[in-house]
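Examination of the molecular architecture
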2 protein chains.
Amino acid sequence: MNFDEIYEDEKKIKRIKDHVKKIEYLRSTSNNLLYWDKVTNMPAKGIEYRAEVMSFFAGEIHRLSEDREFIELVEYFAGKDSEELDIRTLAMIRKIRKNHEYINRIPVDEYKDYINLIARAEDIWSSRDKPNDFEVIKPYLEKIIIHMRNFANYWGYEDDPYDAMLAYYETGVTVKDADAMFAELKEFTIDMLNSIRKSENKVDNSLFNGFFPKEKQREMSVDILKRTGFDFDAGRLDEGTHPTILVNSSSDVRIITSYNEHDFRPALTTALHEGGQALYEQGINPELRGMLLAESPSLVILEAIAGLYENILGRSQEFWKFYYPKLQNCFPSLEGVSEEGFYRAINAVEPSFVRMDADELTYNIHIIIRYEIEKDLINGKLKVEDIPEEWNQKYQEYLGICPPDDRLGVLQDVHWFSGYFGYFPSYVVGSIYAAQIHRTLKRELIDYENVVEEGRWIEIKTWLEENVFTHGSIYSAQELIYLVTDENLKSEYYIDYLRKKYSEIYGI
Amino acid sequence: MNFDEIYEDEKKIKRIKDHVKKIEYLRSTSNNLLYWDKVTNMPAKGIEYRAEVMSFFAGEIHRLSEDREFIELVEYFAGKDSEELDIRTLAMIRKIRKNHEYINRIPVDEYKDYINLIARAEDIWSSRDKPNDFEVIKPYLEKIIIHMRNFANYWGYEDDPYDAMLAYYETGVTVKDADAMFAELKEFTIDMLNSIRKSENKVDNSLFNGFFPKEKQREMSVDILKRTGFDFDAGRLDEGTHPTILVNSSSDVRIITSYNEHDFRPALTTALHEGGQALYEQGINPELRGMLLAESPSLVILEAIAGLYENILGRSQEFWKFYYPKLQNCFPSLEGVSEEGFYRAINAVEPSFVRMDADELTYNIHIIIRYEIEKDLINGKLKVEDIPEEWNQKYQEYLGICPPDDRLGVLQDVHWFSGYFGYFPSYVVGSIYAAQIHRTLKRELIDYENVVEEGRWIEIKTWLEENVFTHGSIYSAQELIYLVTDENLKSEYYIDYLRKKYSEIYGI
């Protein structure tokens, strides 16, 4: 390239970035502020106009993302040698192309049909009298599956159509990987569960029944967030119906939590889980704004960090060694419970019908069941009408319990009725990433045990910030895990972690 | 017109409306939600990105408003017979054309220079060490005046260049009208002030010194808002630094108030003044959304309603007959003060240097001084360098006090440094509108005195809603006052109202 060409290319990159900035301004306003305000502050009657405004924004974002001139500019660089572009620009181009292709390869009419179908299926699922009967929603799900199989064909895949779904959510694993990892994890979990059942070393978790005032739960949440390193000058904690985080920018990250005065665990979980995600968002290099890169590479990495804080850190003995006296100060009814008793209770294992109620160990089984079923639906090995039977049979086989009805069974999650096929595995794969990252963290952070036991948790955040958060989505999940841990993803660290923990607790 | 033509026209109207809706979505999000969030909830470090987002929105709104195809469609209808269009469509076309012309007639380069100049002038004005010395900001003001005189020429006027400024803010009066009204009002006020000075009937307002807890002030504010008819399902009350209202839609109107624990009057004033504006916004027919008509015809009418609630209603004897016992319950330190004493105190007259501290009567003099000065600046009868002398001399002559420095004198308001020439008169003209509307209200609302004395204030809102609020900006201020009161605007009702009130209080 001569200087003129370089200069022309730089002008083109500038035009791409200017366009991307606009998309980000609209996205950040709509997906975050308009939504956050809707769930926290908006008066009830504001909904009608707000819905109009949000749908306008969605249309504008789509229009800008699919703008022909913009896509042509991007395609021009797609053909370029990677040595001619810096790593950030390459990542930006890759991301724009991916976003575009996923939508673009679906014929417009089919995409519209699909959006419409999803809206109706979600509506039926969430209608106040939740249908107990799978039959009502079955015809919708059948149509959704047809679309999903078409999408897999449009998007392309090597071995299994479900690979296209896993790639869509950028989990960083293929069906082959997931099959192997999940088979091992399933076998381990079922064995462990059987041993726990047989163990005489029972766990008493009645301590979670009590009265825990809202204000005290808020105090605890703020305290934990501060200690983990959440910057309240660049974020907030608010109350809402569903725990989540909203990100206006890395300098304005808002956590939404909810308080149940009869059980402080949901608020504790949010302070760690959503709190971990919030630390991630605050730690992304602000220079990546305006390039679609100021976000995690995929949900799987965000879930990994959330899981690292919620489970690996937040259910560890070291953590409670430091924090349990503080928790007792907050909730005096815990005075009669020992630190060891509390640690065991917060790690109690008990199979449940509902995924959201599951403990850290059996949670994986809930996900693996969904993985097996959705993979076979996309493969064509399983018919929609056979899902409830398959579901109940797997719950019986793996967890030894059978849901009494569809509400506590196949109808509990909205995911499938929203078209989220390929999304569930992220939860377990995230935990596998988390364990592998944590292993490196323990090795590299001097004096790790003392850091946790002495409450110097900010040092953990600093390490994660430098090694994970700051990169935004310059790297894919797969690239990032290699960059951080010097090896590809493997599930053995996660299984080792689970084995060690539960063997000790249940004396197996 | 034949049917084909009618059909074509309807299609064009539809395209105009679709475009207007987009402008409104962006405006409502940017001017309201992004701004409201910034002043209430946004964490400190969020400002940088927020500023970027807001400036992007401003650009988009401008781009859409000046879109050539859109303007051509609008111009097509501007030539049409008014009988061919319904009244709402006519009003929408009028409004779009006006917005467009005011910007469009200014040469682009001059407009950019002007915007830049204003930004710097405001910055100097608001820089933390407010310049006490007029000299520092004088060169900016001189340039602003040159632009203003140019603008008046671009916009056009009949008699006086300042008429162009009054028309810009749609005050509904000309220089001729304002000269006459303000001369009469000035003479009356100066006479009244002299009589008050001579009166032996002094007013004690020391009762406002005390401690009035924030929570109690919030309780009072919510109570007054509810009693006047503010719908909390379609609005909120929040705390912020500067009292204002933000309107996402007529179903989502947010009042911002501030609490001074040593004086409850600011919160009381906001509950009535901003509260009155909020009732207006909630009362606009929602069908006018999407046509740029879901707002008051001009600031003058919004100020009129605010003044009606704050002063005519909120400083009346009937009002406090009902509400004073409730206020005493709220603030026990008032127990030793009689209802009559309180009514007199809340109406105490005392000349002040600062407009924002002024009482209802002398407030008009503050505005008239600004009117006289800004009119002569635009006319060319007064030079910028002579403003401070002119200012101080008028304060001495009309109010009998002379500001000790520019901070308490000519530098107290940002308006001129922001280019708001022609805006100040709205405050007094608004009061004149208010008195005239109030006179009709008293005549038409059965049993008016009892309605106020018994706290049935919602009936007042209902009357105003039906007669004023609901129309949005279908009518101009001038048209609306005729529609409501059956006569053109005249100042005598306002002067009568002031004379009666202050004569009684001060026994003149």
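Calculation criteria
- Residues numbered from 1 in each chain as written.
- Chains lettered and ligands numbered in written order.
- Predicted model: local features only at pLDDT ≥ 70, side-chain atom pairs only at ≥ 80, totals over all residues.
- Heavy atoms only, no water.
- Helix = DSSP H or I, 4+ residues; strand = E, 2+ residues; numbered from the N terminus.
- Buried < 20%, exposed > 50% of the residue type's maximum accessible area, 1.4 Å probe, protein only.
- Contact = heavy atoms within 4.5 Å.
- Areas by Shrake-Rupley, 256 points an atom, 1.4 Å probe, with all protein chains shown as cover.
- Lys, Arg positive; Asp, Glu negative; His and termini not counted.
- Charge placed at Lys NZ, Arg CZ, Asp CG, Glu CD.
- Pairing = 2+ DSSP bridges.
- Axes fitted to C-alpha atoms, helices over the stretch in contact; angles between N-to-C directions.
- Buried area = accessible area lost by both parts, 1.4 Å probe.
- Salt bridge = Lys/Arg side-chain N within 4 Å of Asp/Glu carboxyl O.
- Least-squares fit on C-alpha atoms with pLDDT ≥ 70 in both.
- Phe/Tyr/Trp six-rings, centres within 6.5 Å; stacked < 30°, edge-to-face > 60°.
- Lys NZ or Arg CZ within 6 Å of the ring centre and 35° of its normal.
- Expected span 1.5 Å × (residues − 1).
- Bend = angle between axes of the 7 residues up to and from the residue.
- pLDDT = per-residue confidence, 0-100.
- Polar contact = N/O pair within 3.5 Å; in protein donor to acceptor, adjacent residues only side chain to side chain.
- Patch = residues over 30% accessible without salt bridge, like charges linked within 9 Å, V, L, I, M, F, W, Y side chains within 5 Å.

**Topic: the overall build of chain A**
A count of helices and strands for chain A gives 20 helices and three strands. A principal-axis box enclosing the C-alpha atoms of chain A has dimensions of 75 × 55 × 50 Å. Per-residue burial over chain A gives 56% buried out of 508 residues. Considering only contacts in chain A between residues 6 or more positions apart, those separated by 24 or more positions represent 72%. Within the structure as shown, chain A displays about 22,200 Å² of accessible surface, and the carbon and sulfur contribution to it stands at 47%. Positive and negative charge centroids in chain A, built from 61 and 91 side chains respectively, lie 2 Å apart.

**Looking at the sheet that holds strand 1 (residues 235-239) of chain A**
All names here are of chain A. Read from one edge of the open sheet, three strands run 1-3-2, paired in mixed fashion. Two strands bound the open sheet, and with one partner strand each, they are strand 1 and strand 2 (244-249). Strand-to-strand, the axes of this sheet are offset by a mean angle of 20°, without reference to chain direction. With five bridges connecting them, strand 2 and strand 3 (residues 252-257) associate as antiparallel partners. By the bridge assignment, Leu246 is partnered in strand 3 with Arg254. Strands strand 1, strand 2 and strand 3 of the sheet are contacted by helix 1 (residues 3-40), whose axis makes an angle of about 130° with strand 2.

**A few points about the interface of chain B and chain A**
Each partner contributes residues to the interface: chain B has 35 residues there, and chain A has 36 residues. Where chain B abuts chain A, roughly 3,000 Å² becomes buried across the two surfaces, and 58% of that area is made up of carbon and sulfur atoms. When residues of chain B are sorted by the area they lose upon contact with chain A, B:Tyr25, B:Lys45 and B:Tyr49 head the list and together hold 23% of the total. Remark: the boundary between chain B and chain A carries six salt bridges. When the shortest N-O distance is used, the salt bridge between B:Asp252 and A:Arg50 registers 3.7 Å.

**Some points on the relation of the copies chain B and chain A**
With an RMSD of 0.0 Å, the operation that places chain B on chain A is a rotation of 180° combined with a shift of 0.0 Å along the axis. Both copies of the chain, as the preceding transformation shows, are related through a two-fold rotation axis. Of the residues that chain B buries at the interface, 100% are likewise interface residues in chain A, meaning the two copies contact each other through the same surface.

**Overview of the packing of aromatic side chains**
Within this structure, the stated rule accounts for 83 aromatic pairs over all chains. Each ring, one from A:Tyr162 and one from A:Tyr371, has its centre 5.7 Å from the other, and the planes form 70°; the classification is edge-to-face. Linking A:Tyr162 in helix 7 (residues 161-168) with A:Tyr371 in helix 14 (residues 360-379), this pair joins segments that are 209 residues apart in sequence. Across the pair, A:Tyr371 and A:Tyr162 agree in class, each one buried. Residue placement shows B:Arg265 over the ring face of B:Phe208; its charged tip is 3.8 Å from the ring centre.

**Comments concerning unusual backbone geometry**
A positive phi angle, close to 65°, is found at A:Asp486, a residue other than glycine. You can see A:Asp486 is positioned in the loop between helix 19 (477-485) and helix 20 (492-506).

**Things to note about the sheet that holds strand 1 (residues 235-239) of chain B**
All names here are of chain B. Spatial strand order, 1-3-2: three strands in an open sheet with mixed pairing. At either margin of the open sheet sits one strand with a lone partner, and together these are strand 1 and strand 2 (244-249). Between one strand and the next, the sheet's axes are offset by a mean angle of 20°, whatever the strand orientation. Relative to strand 3 (residues 252-257), strand 1 runs parallel, the two being bridged by five bridges.

**Thoughts on the pairing of strand 3 of chain A**
All names here are of chain A. For strand 3, the tally of buried residues reaches six of six residues, placing the bulk of the element in the interior. Burial along strand 3 is two-sided: the residues Asp252, Arg254 and Ile256 and Val253, Ile255 and Thr257 are all buried. Hairpin connection between strand 2 and strand 3: a loop of two residues separates the two successive antiparallel strands.

**Points about the pattern of salt bridges**
Residue and element names in this part refer to chain A. In the structure shown here, the tally under the stated rule is 85 salt bridges over all chains. In this structure, Lys11 and Glu8 form a salt bridge, with 3.7 Å as the shortest nitrogen-oxygen distance. Pair noted here: Lys11 and Glu8 are both in helix 1, with a separation of three residues, about one helical turn. Look at Lys11 and you get partly exposed, because its relative accessible area is 42%.

**Quick look at the environment of B:Tyr76**
Residues and elements named next belong to chain B. Tracing the backbone shows Tyr76 in helix 3 (residues 68-78). The class of Tyr76 is partly exposed, set by a relative accessible area of 32%. Remark: the alpha-carbon pair of Tyr76 and Asp9, spanning 67 residues in sequence, is separated by 9.6 Å. When sequence neighbours within four positions are dropped, the list of residues in contact with Tyr76 reads Asp9 and Lys12.

**Points about helix 11 (residues 299-313) of chain A**
With 15 residues, helix 11 of chain A extends 20 Å between its outermost C-alpha atoms, agreeing within 8% with the 21 Å of an ideal straight helix rising 1.5 Å per residue. A maximum bend of about 35° is found in helix 11 of chain A at A:Gly307.

**Here's the deal with the confidence of the model for chain A**
All names here are of chain A. Scored by pLDDT, chain A has a mean of 93; 99% of the residues are at 70 or more. Summarising per-element confidence for chain A, the mean pLDDT is lowest in helix 5 (residues 108-126) (85) and highest in helix 18 (residues 458-467) (98). Reported for the predicted complex are a pTM of 0.84 and an ipTM of 0.84.

**Thoughts on the environment of B:Asp486**
Exposure remark for B:Asp486: the relative accessible area of 60% places this residue in the exposed category. For B:Asp486 and B:Thr440, which are 46 residues apart along the polypeptide, the C-alpha to C-alpha distance reads 9.0 Å.

**Some words on helix 4 (residues 87-104) of chain A**
All names here are of chain A. For helix 4, with 18 residues, the first-to-last C-alpha span of 25 Å sits near the 26 Å given by 1.5 Å per residue. Every buried residue of helix 4 is accounted for by Thr89, Ala91, Met92, Ile93, Lys95, Ile96, His100 and Tyr102. Looking at the packing, one finds that the buried side of helix 4 touches helix 1, helix 2 (47-65), helix 3 (68-78), helix 6 (134-155) and helix 7.

**Remarks on the side chain of B:His438**
Following the sequence through the fold, B:His438 ends up in helix 16 (residues 425-444). The residues contacting B:His438, other than those within four sequence positions of it, are B:Leu308, B:Ile312 and B:Tyr448.

**Quick look at the side chain of B:Glu374**
All names here are of chain B. On the secondary structure map, Glu374 appears in helix 14 (residues 360-379). Although buried, Glu374 forms no salt bridge, and the nearest oppositely charged side chain, Arg370, lies 7.6 Å from it. Within the local environment of Glu374, its side chain forms a polar contact with the side chain of Trp416, the two groups lying 2.6 Å apart. Of note is the side chain of Glu374, whose polar atom sits 2.8 Å from the backbone nitrogen of Gly422.

**Some words on the environment of B:Leu225**
Residue and element names in this part refer to chain B. If you trace the backbone, Leu225 turns up in helix 9 (residues 214-228). Given the relative accessible area of 0%, Leu225 is considered buried. Placed 49 residues apart in sequence, Leu225 and Glu274 show a C-alpha to C-alpha distance of 9.9 Å. Ignoring any residue separated from it by four or fewer positions in sequence, one finds Leu225 in contact with Phe230, Phe232, Leu237, Ile255, Ala271 and Gly275.

**Topic: a negative patch on the surface**
A cluster of acidic residues, A:Glu142, A:Glu385, A:Asp386 and A:Glu389, forms a negative patch on the protein surface. Turning to its location among the elements, A:Asp386 is positioned in the loop between helix 14 and helix 15 (387-399).

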